[in-house]
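# Reading the structure
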Amino acid sequence: MKIFTRNHPAMSPSSARTATSWRGARVVLALLAFLASTLAPLPVASAAEPIRNPPTSFEVDIPFPDVCDFPMTATVRGRTHSLTFVDESGAVVRGFAGGQLFVTWVRDDTGFSRTFAISGPTFFTADGTAYRGTGRWTTPMVDTGWVLATGNLTFDGTQDGFSLISSTRGNVTSICSLMS
């Protein structure tokens, strides 16, 4: 068997380039065939499309007679949307809710009011329990009462139907001090 090289006296320079080019092409083709054969059996990650709930506008008044030393009413209004993520079998995996959301706190005894943007968002577990929030919120906090919180919030259950903050990385201010 004769091995051809560029310096072989029987080969012209163009023949040597052609032989070298074919050798390189064979190596590339062999590498591509190897990659295709090893990657082909891998399953493609699949998930169902998330369930999208389009933006919905709402407004609700919530009385808070005992949150502070004075009675207040919170008017929550906005336009929220949600996404529910499901696996390929249709089982709920997790969820997300966000949008434009505002709360206006009004002192019932003086009429003094303040409005805050509180759009969240909220992240839910598969069973619909809020476990994390980011952005700005007004909600109760463990051992603190109702607060205006901004940052990364961790929830641990609810208090009177509202997500209860158990820890936060960010700013927290008491609603009662803001409304005094």
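That block above? That's the structure.
One structure accompanies this document, and this report is about it. What you are looking at is a predicted structure, and each value in this text was computed from that prediction instead of being measured. (Residues numbered from 1 in each chain as written. Predicted model: local features only at pLDDT ≥ 70, side-chain atom pairs only at ≥ 80, totals over all residues. Heavy atoms only, no water.)

Bringing the packing of aromatic side chains into the picture now. What the rule picks out here adds up to seven aromatic pairs. Taken together, a centroid distance of 4.9 Å and an interplanar angle of 70° make the contact between phenylalanine 64 and tryptophan 146 edge-to-face. Taken together, the residues phenylalanine 64 in strand β1 (residues 51-64) and tryptophan 146 in strand β7 (residues 145-159) connect sequence positions 82 residues apart. Members of the aromatic cluster, joined through ring pairs, are Phe64, Trp105, Trp146 and Phe162. For arginine 94, the ring lying beneath its charged end belongs to phenylalanine 85, and the centroid distance is 4.6 Å. (Phe/Tyr/Trp six-rings, centres within 6.5 Å; stacked < 30°, edge-to-face > 60°. Helix = DSSP H or I, 4+ residues; strand = E, 2+ residues; numbered from the N terminus. Lys NZ or Arg CZ within 6 Å of the ring centre and 35° of its normal.)

Next up on the list: the state of the cysteines. One pass over the structure, following the stated rule, counts one disulfide. The partner cysteine of cysteine 68 in its disulfide is cysteine 176, sulfur to sulfur 1.9 Å. Classification of the bridge connecting cysteine 68 and cysteine 176 rests on its S-S torsion, roughly -95°, and on that basis the disulfide is left-handed. Note that cysteine 68 is positioned in the loop between β1 and β2 (72-86) and cysteine 176 in helix α2 (residues 175-179), a separation of 108 residues in sequence. The burial state of cysteine 68 is the same as that of cysteine 176; both residues are buried. (Disulfide = S-S within 2.5 Å. Buried < 20%, exposed > 50% of the residue type's maximum accessible area, 1.4 Å probe, protein only.)

Here the focus is the side chain of serine 163. With respect to the helices and strands, the residue serine 163 is situated in strand β8 (residues 162-174). Beyond its immediate chain neighbours, meaning those up to four positions away, serine 163 contacts Ala130, Trp137, Thr139, Pro140, Phe155, Gly157 and Thr158. (Contact = heavy atoms within 4.5 Å.)

Here the focus is unusual backbone geometry. Of note, the amide linkage connecting glycine 120 to proline 121 takes the cis form, showing an omega dihedral of 15°. As for its position among the elements, proline 121 is in the loop between β4 (113-117) and β5 (122-124). In this model, aspartate 143 sits at a positive phi of 60°, which is unusual for a non-glycine residue. Given the relative accessible area of 81%, aspartate 143 is considered exposed. Non-glycine residue aspartate 160 carries a positive phi angle of around 55°. Along the polypeptide, aspartate 160 turns up in the loop between β7 and β8. In this structure aspartate 160 comes out as exposed when scored by relative accessible area, which is 71%.

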